Amino acid sequence: MIAPGATLEQPVRRCVSRVVLLGNPNAGKTSLFNMLSGLRAKTANFPGTTVSHRMAKLETAGRTVHLIDLPGLYSLQPTTPEERVAAGAFKGDSSIGPKPDGAILVVDATNLERNLFLVSQALEHDTPDRSRAQHD
Amino acid sequence: MTPPTVLALNMIDAADADGIKIDVAGLAIELGCPVIPVSARTGRGIDDLKRALDETLDNHTARNPTTLQAAMACHACAICPFQNRYTWTEGVAKRHAKSKTEKPDRHTEAIDRILTHPVGGLAAFLSVMAVMFYLIFQLATVPMDLIDHLFVTLGSVVAKWIPAGDLQSLAVNGIIGGVGGILVFLPQICILFFFLALLEDTGYLARAAFVMERLMRRIGLPGKAFVPLLSAHACAIPAIMSTRVIEDRRDRFITILIAPLMSCSARIPVYTLVIALLFPRQPGLAALTFLGAYAVGIGMGLLAAFVMKRTILPGEARPLVLELPRYRIPGVRTAFLHMYDQARMFIKQAGTVILLISIILWALATYPKSETPQEVHDMRAEAAQLAAAGDTDGAASLTKEAAHHEDQYALANSYAGRLGRFFEPALAPLGFNWQIGIGIVTSFAAREVIVSTLAVVYGVGSDRAEEEPKSLYDNLRSAKRADGSPVFTTATAFSLLIFYILAAQCLATQVVTRKETGSWKWAALQLVYMNVLAYAASFVIYQTLRACGIS
C-alpha cells in the first residue's frame, strides 16, 4: 500500500519480515536453514530459556527476512521444553517473541503421511483443541 | 490465526530416487498453501522457495483452509481430534503421493537389523567410535602443532616489541600462553564435530543412540546423553553446550554434571608425564594405565550419574522415542557449517572466559614480586667471570641456571606458591608436597599447565623442558623431599594420576555449566563434588599403596 503523497520511487527501506521454520525432527529443517542462510547464522537463546535457536538474515527479491530455525517437533502439543518453545514461537506467545509474519513448514517428502500431522495442526492452529489427553 | 505459510517439500531428490511421485499441485490445493519441492542437499528449488515466500508474505491473506476445518469438524469426544487428524493425513498422503515400490525402505531395514542388534549394534558402534577417535587424534596432530608453533612465534615476536617486565610477561605468558594453551585443542574439536555431523546426517547417530539407550538406561541416563559424553573426551566445553539435544531437564543436568569426568584432551599431557614416571621402560603397562585412566573417568561418571539419579535429581530416564531416519548420503556442506558453529562458540569462550582466567592465574603466579636472592647474584657474577676468562659455554649455562633459580624462587614466593604451601597439610595425606600443590593451583587455568609448572619448580627451566622433555622426567624422578626421600614414588604418582582424572580444574567448564543450567548452584556443585571425589580417591589410593608397602 502506498501512503498518500508518497512518490512511486523504489523505497529505500526494505520490508522486514520474521519467518519461522517449523517441522518434524529429521525433516531436514536445519539443512534447509543452512542452505538458505549460508554462514550468516547466529545462535541465540530464547528469552528466559536455555533453548537455543539459530537466526539469519536473508534477502529475497522483495524483502529482508529474519529466518528463525525452531527446534523440531511432532505436534503443537508440546511435551518438552524445546517443543514448548518451538510451538510458542510459532503461535506468537508473547513470552517467547513477537508473532511471526510467516512460516515455512518443512516436510520430509519421503515420509509425507507422518509429517502431515504437524502440518494439519499448523495450518489451523487457531482451532481450539478440546483434548489435552496424551496419545501414544 | 495461522501466519502466511509456505510448505517446503524437502528431500524431494530422495523421494524421486525411491520412486515416490508427489502431486505437488493437488497437495497445494488441498492444503490451501503453496507447496514447493526442494532439496536442501542439492539446492534444488531453493530459489522457488524464496520466491513463493515473498509472494505469500506480499499477499498477506489470512488463510482459510475450509477443507481442513471440515475434516476436523468432529469435536464430540476426546479421541476424535487425533483420530480425525490421522484419518486426514492418511487420506491426503494416499491421494497425492504414489510410490512405485511397496517397501522403499528395504535396504534401510536390512542394515538396521545389524546396526540396531543388541550385540552386533554395539560392536558396530564401538568400531565406528574407535575409527573416529583414531582419526581425530591422527588428523589433529599437524594443525595442533601448527597452532602451538603459531602461539610460540607470536609470543616471541611480542616479546621483542614489549620491553622485558611485567607487561611483557602478562602478554607473553599470561595472555598468549593461556589462550594458546586452550586453542591448541581447536582442531580436535573441529574434527570431532565434523564427524559427528556427518554421522548424524547419514542417520547412523540415531541408531547409535538407540543401541546405547539399552545400556545407559540402567544407569539412569538417556540414550541422547551419549553424544555429548563422547564429545567430552575432546573437551567438556562443547560437550556441555551440546547437551541441549536432551529434552528432559533432569537428564540434561546430570549429563552436564558428569561430562567433565570424561578424560578430555587437556589431561593427556598430564597422563603422559605421570605414566612416564611410573613405567619408564614398560610400554605395555604404560599403555594399559593410559586406557585405565580413561576407563576410570567413564566409570566414575556413570557411577556419579547413578548416585545423582537416586539423590538430588530423582526420576526415571525419559524413555527414548526416537525416529530412525532413512540412511542418507551426508551433506559435507551441512557438516562444515555445524563445525563452524561449534568452533565459533569455542573461540568465543577462549576469547572471553579463558582469557580472564589466564590473566588471573598469571597474576597469582607472578605477584607479589620477590627480591632476587643472593645466590642468583653470585651465580651471575661467576658467569661474568667465566665469560671474561673466555669460557663462553660455561658462562651461558650458568646464566641459564641463574635465570631458572630466579624463576623458581619467584614462583615459590608468589601467591600461587603461598597457596601451594598453605594447602600442603591438606595435600600431604595424598602424597603431594607443596611443589605439586602449586601445580594443582595453576592447573585451574588448564590442566596441562601443571607440566610446565613442575618444570619450573623442579630444576629445569620451562624452555628447556620443551626442548628436551627427557630432562624433565629425569629431574622429576630424581627430585627429593626435604628428608631425602624421592618425591615421585609409585604411590604419589598413582595418587596424582587419579587426582587429575577426577578433579574439576578447568574453571572455564564451570562458567559454561553456569550458562547452560542458568544457575551458579549447579556449577558450584560440579566443582565441589568432582574435587571431593578426586581428593577421596587419591587419599584411598595413596594410603592403600603405602599400607601395602608400595611407596
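This one's a predicted model, so the numbers in the text were calculated from it and none came from an experiment. (Residues numbered from 1 in each chain as written. Chains lettered and ligands numbered in written order. Predicted model: local features only at pLDDT ≥ 70, side-chain atom pairs only at ≥ 80, totals over all residues. Heavy atoms only, no water.)

Looking at empty space enclosed by the protein
Residues and elements named next belong to chain B. Within the structure shown, the criterion is met by 1 cavity of 30 Å³ or more. Each pocket or cavity is described by its volume, and for the largest cavity that value is around 200 Å³. Contributing to the lining of the largest cavity are 19 residues, with Ile182, Cys235, Cys264, Ala266 and Cys506 lying nearest its centre. Of all elements in the fold, only helix H12 (236–241), helix H16 (332–366) and helix H26 (507–517) reach the threshold of two or more residues within the lining of the largest cavity. When residues are assigned to domains, the lining of the largest cavity turns out to be shared by domain 2 (120–333) and domain 3 (351–547), each giving three or more. (1 Å grid on protein atoms, 1.4 Å probe; cavity = no way out; pocket = protein on both sides within 12 Å on 5 of 7 lines; lining within 4 Å. Points joined across faces, edges and corners; volume = space filled by probe spheres on them. Helix = DSSP H or I, 4+ residues; strand = E, 2+ residues; numbered from the N terminus. Domains from an automatic or database assignment.)

As for the pattern of salt bridges
Evaluation of the coordinates by the stated rule reveals 16 salt bridges over all chains. A:Arg54 is paired through a salt bridge with B:Asp341; the nearest N and O atoms lie 2.8 Å apart. Of this pair, A:Arg54 sits in strand E3 (residues 52–59) while B:Asp341 sits in helix H16, which puts the two residues in different chains. According to the relative accessible area criterion, A:Arg54 is buried, its value standing at 14%. You can call B:Asp341 buried: its relative accessible area is 11%. (Salt bridge = Lys/Arg side-chain N within 4 Å of Asp/Glu carboxyl O. Buried < 20%, exposed > 50% of the residue type's maximum accessible area, 1.4 Å probe, protein only.)

Concerning the interface of chain B and chain A
Counting residues at the interface gives 66 residues for chain B and 66 residues for chain A. Contact between chain B and chain A buries roughly 5,700 Å² in total, counting both sides, with carbon and sulfur atoms accounting for 60%. The tally of links between chain B and chain A comes to 3 salt bridges. In this structure, the salt-bridge partner of B:Asp58 is A:Arg63, at a minimum N-O distance of 3.1 Å. Broken down by element, the residue count for the side of chain B that touches chain A peaks at 9 residues, all from helix H5 (residues 80–96) of chain B. Residues belonging to the side of chain B that touches chain A are distributed by class as follows: 36 nonpolar, 9 polar and 21 charged. As defined by bridge partners, strand E5 (residues 102–108) of chain A adjoins strand E1 (residues 5–10) of chain B across 6 bridges and the pair is classed as parallel. In the sheet register, A:Ala103 faces E1(B), and the bridge partner there is B:Thr5. (Contact = heavy atoms within 4.5 Å. Buried area = accessible area lost by both parts, 1.4 Å probe. Nonpolar A, V, L, I, M, F, W, Y, C, P; charged D, E, K, R; others polar. Pairing = 2+ DSSP bridges.)

Some remarks on the side chain of B:Ser414
Residues and elements named next belong to chain B. Mapped onto the elements of the fold, Ser414 is located in the loop between helix H18 (392–413) and helix H19 (415–422). A polar side-chain atom of Ser414 sits 2.7 Å from the main-chain carbonyl oxygen of Leu411. Residues contacting Ser414, with those up to four places away along its chain left out, are Leu364, Ala365, Thr366, Tyr367 and Pro368. (Polar contact = N/O pair within 3.5 Å; in protein donor to acceptor, adjacent residues only side chain to side chain.)

Regarding the nonpolar core
A general feature of soluble globular proteins is that nonpolar side chains tend to end up buried together. Counting 129 residues, the largest nonpolar core has B:Met132, B:Phe226 and B:Phe488 as the members making the most contacts within it. Of the residues forming this core, the biggest block, 12 residues, is contributed by helix H9 (residues 186–202) of chain B. In this structure, this core is formed jointly by two domains, domain 2 (120–333) and domain 3 (351–547) of chain B, each of which donates at least three residues. Among all residues touching B:Phe488, those that are not within four sequence positions of it are B:Leu277, B:Ile436, B:Leu454, B:Tyr458, B:Leu476 and B:Leu496. Core analysis: the second largest hydrophobic core is formed by 36 residues, A:Val107, B:Ala15, B:Leu27 and B:Ala28 among them. (Core = buried A, V, L, I, M, F, W, Y, C linked by side-chain atoms within 4.5 Å.)

Here's the deal with the environment of A:Ile96
Residues and elements named next belong to chain A. As for its placement among the helices and strands, Ile96 is situated in the loop between helix H2 (81–91) and E5. Judged by its relative accessible area of 16%, Ile96 is buried. For the pair formed by Ile96 and Val85, sequence separation is 11 residues and the distance between their alpha carbons is 7.1 Å.

Observations regarding a negative patch on the surface
On the surface, B:Glu375, B:Asp378, B:Glu382 and B:Glu401 cluster together to form a negatively charged patch. When you line up the elements, B:Glu375 lands in helix H17 (residues 374–388). (Patch = residues over 30% accessible without salt bridge, like charges linked within 9 Å, V, L, I, M, F, W, Y side chains within 5 Å. Areas by Shrake-Rupley, 256 points an atom, 1.4 Å probe, with all protein chains shown as cover. Lys, Arg positive; Asp, Glu negative; His and termini not counted. Charge placed at Lys NZ, Arg CZ, Asp CG, Glu CD.)

With respect to the confidence of the model for chain A
If pLDDT is low for a region, its predicted coordinates should not be looked at in detail. Residue and element names in this part refer to chain A. Here chain A shows a mean pLDDT of 75. Residues at 70 or above account for 71%. Mean pLDDT values over the elements of chain A span from 64, in strand E2 (residues 42–45), up to 92, in E5. Residue range residues 126–136 is modelled with pLDDT below 50. Its contacts to residues more than four positions away, or to other chains, number 17 contacts. (pLDDT = per-residue confidence, 0-100.)

So, helix H22 (residues 449–457) of chain B
For H22(B), the buried fraction is high: 7 of the 9 residues fall into the buried class. Restricting attention to buried positions, one finds in H22(B) the residues B:Ile450, B:Val451, B:Thr453, B:Leu454, B:Ala455, B:Val456 and B:Val457.

Let's talk about the packing of helix H21 (residues 434–442) of chain B against H22(B)
Any two packed helices are characterised by the angle at which their axes cross and by the distance between the axes. Residue and element names in this part refer to chain B. Look at H21 against H22: their axes get within 8 Å of each other, and the N-to-C directions meet at 145°. When you trace H21 past H22, the crossing you get is right-handed. Where H21 abuts H22, its residues Gln435, Ile436, Ile438, Gly439, Ile440 and Thr442 lie against Val449, Ile450, Thr453, Leu454 and Val457. Residues belonging to the contact of H21 with H22 are distributed by class as follows: 7 nonpolar, 4 polar and no charged. (Axes fitted to C-alpha atoms, helices over the stretch in contact; angles between N-to-C directions. Left-handed = near helix turned anticlockwise from the far one by under 90°.)

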